[in-house]
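Read off the chains here:
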Amino acid sequence: MSTTGTLYPSSSVRSGIAAVDHYLDTGYDGVPGMSSRFAAAVCTGLMRIQGELGVSGPVAEIGTYEGRFFIALCKALGAGETALGMDLFDWPNPQVIDRFERNCLAHGVPPEQRITWKADSKILRPDEVLAKLAGRRPRFIHVDSEHTREVLTKDLELATAVLAPDGIMVLDDMLHPAYPMLAVAVHEYLQRHPEMRMLAVIDRETIVAATKFALCHEAWCQRYEERLTADFKDYVWLMGADFHPHWCPVLSLDTRLARIPES
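Definitions and cut-offs
Residues numbered from 1 in each chain as written. Predicted model: local features only at pLDDT ≥ 70, side-chain atom pairs only at ≥ 80, totals over all residues. Heavy atoms only, no water. Pairing = 2+ DSSP bridges. Helix = DSSP H or I, 4+ residues; strand = E, 2+ residues; numbered from the N terminus. Right-handed = clockwise from strand over helix to strand, strands pointing away. 1 Å grid on protein atoms, 1.4 Å probe; cavity = no way out; pocket = protein on both sides within 12 Å on 5 of 7 lines; lining within 4 Å. Points joined across faces, edges and corners; volume = space filled by probe spheres on them. Nonpolar A, V, L, I, M, F, W, Y, C, P; charged D, E, K, R; others polar. Axes fitted to C-alpha atoms, helices over the stretch in contact; angles between N-to-C directions. Parallel < 35°, antiparallel > 145°, perpendicular 65-115°, else oblique. Left-handed = near helix turned anticlockwise from the far one by under 90°. Contact = heavy atoms within 4.5 Å.

What follows is about the pairing of strand β3 (residues 114–118). The side chains of a regular strand alternate, residue by residue, between the two faces of the sheet. Here strand β2 (residues 83–87) pairs with β3 via five bridges, running parallel. Looking across to β3, one finds that Met86 is bridged to Trp117. Each parallel crossover has a hand, and the one from β2 via helix α4 (residues 96–106) to β3 is right-handed.

What follows covers the layout of surface pockets. Put simply, the largest pocket is a space of about 710 Å³. Breaking the lining of the largest pocket down by element, the ones donating at least two residues are β1 (59–62), α3 (68–75), β2 and β5 (168–174). In terms of residue class, the lining of the largest pocket is built from 14 nonpolar, ten polar and eleven charged. The calculated volume of the second largest pocket comes to roughly 240 Å³. What lines the second largest pocket is simply His187, Leu190, Gln191, His193, Pro194, Met196, Arg197, Met198, Phe243, His244, Pro245 and His246. Residue assignment for the lining of the second largest pocket shows that the elements contributing at least two residues are α7 (181–192) and β6 (196–202). In terms of residue class, the lining of the second largest pocket is built from six nonpolar, five polar and one charged.

Now for the packing of helix α2 (residues 37–52) against helix α8 (residues 218–231). Two quantities define a packed helix pair, namely the angle between the axes and the distance from one axis to the other. Where α2 meets α8, the closest approach of the two axes is 10 Å, and the angle between their N-to-C directions is 125°. Put simply, α2 runs oblique to α8. Once α2 is placed against α8, the crossing between them reads as right-handed. Residues Val42, Leu46, Arg48, Ile49, Gln50 and Glu52 of α2 pack against Tyr224, Arg227, Leu228 and Asp231 of α8.

Take it as geometry only, folks, not as evidence of what the structure does.
Shown next, in the form of structure tokens:
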């Protein structure tokens, strides 16, 4: 990290997991989806950090589409861990579930490592989710379902109810100009859940591959933040983000600060 900053290519960031980085280099862009390569590398890097801190357990994604981000999460699983992919699988057509399955198989994610669940997160109960995971609470949840304030509010409550105490929750398409009310839902959520803390803002690559928010329980925030900013130090934007009364790091491919001409 420097005071002048740098504009990095997305290919420069590495998760630190060989299987993930190989997928990001050779397969990620070939799977239809909107999530950025940068965010995938940082999020799977967070999963690596979890493992190094002794945190284990399944992962879950609400809103898998054709599996681009889900496959990256699967590549970061530890021994004996599984991934749960939840989706309505009805958009843009019912055949999306078949394409999801084909993409997982094509990129080396076998059926025994994953659970495909055609389900509506808006009406799921926490016990139903945990039953799918044999009672194990997920250590990492990626939320990327219907982009409305109401649905995100429900997904946040569902994810919080099942998340492990040492877990991390990542929210997709935050600060996207098409979905300005998602940020409102997050701020309302943080007011309802003072035990949760914003861990990091993962900046956009493009208007399509938009910003993600990472959250965790307050008790784990400092440990994760210290490791995250050390492992991804080149991508830490100097100013950070003000989530009053707390600040959190911003990770970006563009770490430059605005140039202010001297008077």
